[in-house]
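Descriptive structure summary
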Amino acid sequence: MAVGIAIANEGSQGQYNGRITSYLVFSCLVAAMGAFIFGYDIGVSGGVTSMEPFLEKFFPKIYKRMREDSNISNYCKFDSQVLTLFTSSLYLAGLFTSFFASFVTDTFGRKPSLLAGGISFLVGAALNAAAFNMYMLIIGRLLLGIGVGFTNQAVPLYLSEMSLPKYRGAISNGFQLAIGIGFFLANLVNYRTEKLKGGWGWRISLGIVAIPASILTLGALFLPDTPSSFIMRSSDEGHHKARTILQRIRGTTDVQTELDDLTAARDIAKSTESPLKNIVKRRYRPQLVMAVAMPFFQILTGINVIGFYSPILFRTLGLGESASLLSTLMTGIVGSTTTLIAILVVDRVGRRLLFMIGGGIMFVCQIGVGGIMVAKLGDHNELSKGLAYLVLGLVSLYVAGFGVSWGPLGWLIPSEIFPMEIRSAGQSVTVAVNFLFTFVVGQTFLAMMCHLKAGLFFFFGGWVAVMTLFVYFLLPETKGIPIEQMEGIWKEHWFWRRIVVVHDKDYTFSYQEQHNK
């Protein structure tokens, strides 16, 4: 099978015609609402679980322990499997949904998945805001998880497939930027609602997500599907629709070269009987490794710990309820700002350099936080205000390192490396691995903090060192390479070329020549 056909047919070496149009911007902004809701949930769940009225209503044992038990270790005040289930149940639902979402995305297109996600978000938000017992709370979280399963499957693919190669890094990184903005606004909402009298502020925090969910649901009705999806799902009619959409989002009628590449990739994809079975074949081994490794490492940076439990972490360090929420708000601002910086530079400096910079920063900060907590906090002490704010500074710097590297790039790399015939299956693997380890880390973090104490930060710091070395040796640069030509980078990589079987004797695309351009 001529895997390199799209490459051989590309006379312009990936330089398609077009520009960023208002129609493209509108489509990507609406789709990115799914990522915004994902980020909002990460932020809101951590803040709500530190609010005393919420704890008193749903987790009275933890509330009583926090208020009355002075003998318990600083690291164990919030240790509760039921409390972590509130946070992590969403990701368990997302894990199982991601595989069904892959079928929907492949068979019916990216747009129906966005619509299904929006509807699930709406119902889940309503249940959480109105919850009067634990059952309503968990069912609402499960519905939100279904929504996240659909949108995290569809949104990265949607953004990547709608983008021009030279802007793909910036547009696809909009996924992580939307997560960061959602996280920031969630902490801003938490900070304001925590001050409301009557103890019902947490209901606003959990229910206000219905606003972006409504935007996603209504907007999805007017969104176009991607050109790749149209071509993949039908022949003549899909070809015509793909041409029309390409002309609208590129702002030019000269889209034949890009359309030819999509058609050639479709012909290859149609010969693939089962994407999930084919993705384990030797020729796709590099993509499969990255589909597993990228989300696995992204979670083991420890970032979701900061997202879920930073208010609890800051309270462990001795900061008050409002100060803890304000501190989390500050880290949200840092994360959004640095992700925006990554968007501006990723298509200029490339992916690998940002991984190296971010990895170095995160490693130093994790070791620094762990060292301070070992030396000064202990089981029953409190950090001085100066040291507490030093830890806050290190956590903020750590979030900055994540914001320029594993945050946006952990989603970007998997979304751009899969050929069309396994793209949806590959994305479902990425999303499933992300949800699986998010659930595991989310469910075990409070127990790990109780048992490992400050050693938890050395644990995550060690993983940051491992993943940085992994990227240095095993991830080739993908900057500027069209998605349908991405297979070339593995055939020229020092390690992966030993594994990948070259199926196309007429393979002519040189990754190194393209990269040097």
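Above this note sits the structure.
Everything numeric in this text was worked out from a predicted model, so none of it was measured.

Notes on a nonpolar patch on the surface
On the surface, Phe-363, Val-364, Ile-367, Val-374 and Phe-458 cluster together into a nonpolar patch covering about 420 Å² of accessible area. The element contributing the most residues to the nonpolar patch is helix 19 (residues 351-377), with four residues. Turning to its location among the elements, Ile-367 is positioned in helix 19.

Looking at helix 7 (residues 134-162)
Side chains that are three or four residues apart share a direction in an α-helix, a result of its 3.6 residues per turn. Compared with the 42 Å implied by 1.5 Å per residue over 29 residues, the 41 Å span of helix 7 between its first and last C-alpha is a close match. Maximum bend of helix 7: about 25 degrees, positioned at Thr-151.

Focus: the side chain of Ser-229
Within the secondary structure layout, Ser-229 lies in helix 12 (residues 227-233). Among residues more than four places away in sequence, those in contact with Ser-229 are Gly-109, Arg-110 and Glu-161.

Topic: helix 11 (residues 210-220)
Those residues of helix 11 that fall on the buried side of the exposure criterion are Pro-212, Ala-213, Leu-216, Thr-217, Gly-219 and Ala-220. Buried positions along helix 11 lie against helix 2 (22-48), helix 6 (110-130) and helix 7.

Considerations on the packing of helix 9 (residues 174-193) against helix 21 (residues 406-417)
Between helix 9 and helix 21, whose axes approach to 8 Å, the crossing angle comes to 140 degrees. Between helix 9 and helix 21, the angle is such that the two are oblique. Seen along the crossing, helix 9 lies across helix 21 with a hand that is right-handed. Of helix 21, the residues touching helix 9 (which contributes Phe-175, Gln-176 and Ile-179) are Gly-407, Pro-408 and Trp-411. Within the contact of helix 9 with helix 21, the residues separate by chemical class into four nonpolar, two polar and no charged.

Observations concerning the environment of Arg-352
Relative to the helices and strands, Arg-352 resides in helix 19. Here the alpha-carbon distance between Arg-352 and Tyr-472, two residues 120 residues apart in the chain, equals 7.2 Å. Within the structure, the side chain of Arg-352 is placed 3.0 Å from the backbone oxygen of Val-471, a separation counted as a polar contact.

Observations concerning the nonpolar core
In this structure, Phe-54, Leu-114, Met-290, Met-294 and Trp-406 are the most contacted members of the largest nonpolar core, which totals 128 residues. Top element by residues in this core is helix 2. It accounts for 14 residues. Apart from residues lying up to four places away in sequence, Leu-114 is in contact with Ala-31, Ala-154, Val-155, Tyr-158, Leu-216, Ala-220 and Leu-223.

A look at the packing of helix 21 against helix 22 (residues 423-452)
Axis angle and axis distance: for two packed helices, these are the angle between their axes and the distance between the axes, and together they describe the pair. For the pair helix 21 and helix 22, the least separation of the axes is 9 Å and the interaxial angle reads 155 degrees. The orientation of helix 21 with respect to helix 22, classified from their angle, is roughly antiparallel. Here Trp-411, Pro-414 and Ser-415 of helix 21 lie close against helix 22, whose contacting residues are Gln-427, Thr-430, Val-431 and Asn-434.

Quick look at the packing of aromatic side chains
Using the criterion set out here, one finds 25 aromatic pairs in the structure. Each ring, one from Tyr-472 and one from Phe-473, has its centre 5.0 Å from the other, and the planes form 90 degrees; the classification is edge-to-face. Residue Phe-473 is classed as partly exposed on the basis of its relative accessible area, which comes to 41%. These aromatic residues form a ring-pair network of at least three members: Phe-296, Phe-297, Phe-355, Trp-406, Phe-437, Trp-463 and Phe-470. The side chain of Lys-57 reaches across the aromatic face of Phe-58, ending 5.8 Å from its centre. In this structure, Arg-352 packs its charged tip against the face of Tyr-472, placed 5.7 Å from the ring centre.

Section: the pattern of salt bridges
Enumeration over the complete set of coordinates arrives at seven salt bridges. One salt bridge in this structure joins Asp-41 and Arg-141, with 2.4 Å as the shortest N-O distance. Highlighted residues: Asp-41 in helix 2 and Arg-141 in helix 7, separated in sequence by 100 residues. In terms of burial, Asp-41 and Arg-141 fall into one category: buried. Here the salt bridges share partners, and the residues they tie into one network are Arg-168, Asp-347, Arg-351 and Glu-416.

Rules and cut-offs
Residues numbered from 1 in each chain as written. Predicted model: local features only at pLDDT ≥ 70, side-chain atom pairs only at ≥ 80, totals over all residues. Heavy atoms only, no water. Patch = residues over 30% accessible without salt bridge, like charges linked within 9 Å, V, L, I, M, F, W, Y side chains within 5 Å. Areas by Shrake-Rupley, 256 points an atom, 1.4 Å probe, with all protein chains shown as cover. Salt bridge = Lys/Arg side-chain N within 4 Å of Asp/Glu carboxyl O. Helix = DSSP H or I, 4+ residues; strand = E, 2+ residues; numbered from the N terminus. Expected span 1.5 Å × (residues − 1). Bend = angle between axes of the 7 residues up to and from the residue. Contact = heavy atoms within 4.5 Å. Buried < 20%, exposed > 50% of the residue type's maximum accessible area, 1.4 Å probe, protein only. Axes fitted to C-alpha atoms, helices over the stretch in contact; angles between N-to-C directions. Parallel < 35°, antiparallel > 145°, perpendicular 65-115°, else oblique. Left-handed = near helix turned anticlockwise from the far one by under 90°. Nonpolar A, V, L, I, M, F, W, Y, C, P; charged D, E, K, R; others polar. Polar contact = N/O pair within 3.5 Å; in protein donor to acceptor, adjacent residues only side chain to side chain. Core = buried A, V, L, I, M, F, W, Y, C linked by side-chain atoms within 4.5 Å. Phe/Tyr/Trp six-rings, centres within 6.5 Å; stacked < 30°, edge-to-face > 60°. Lys NZ or Arg CZ within 6 Å of the ring centre and 35° of its normal.

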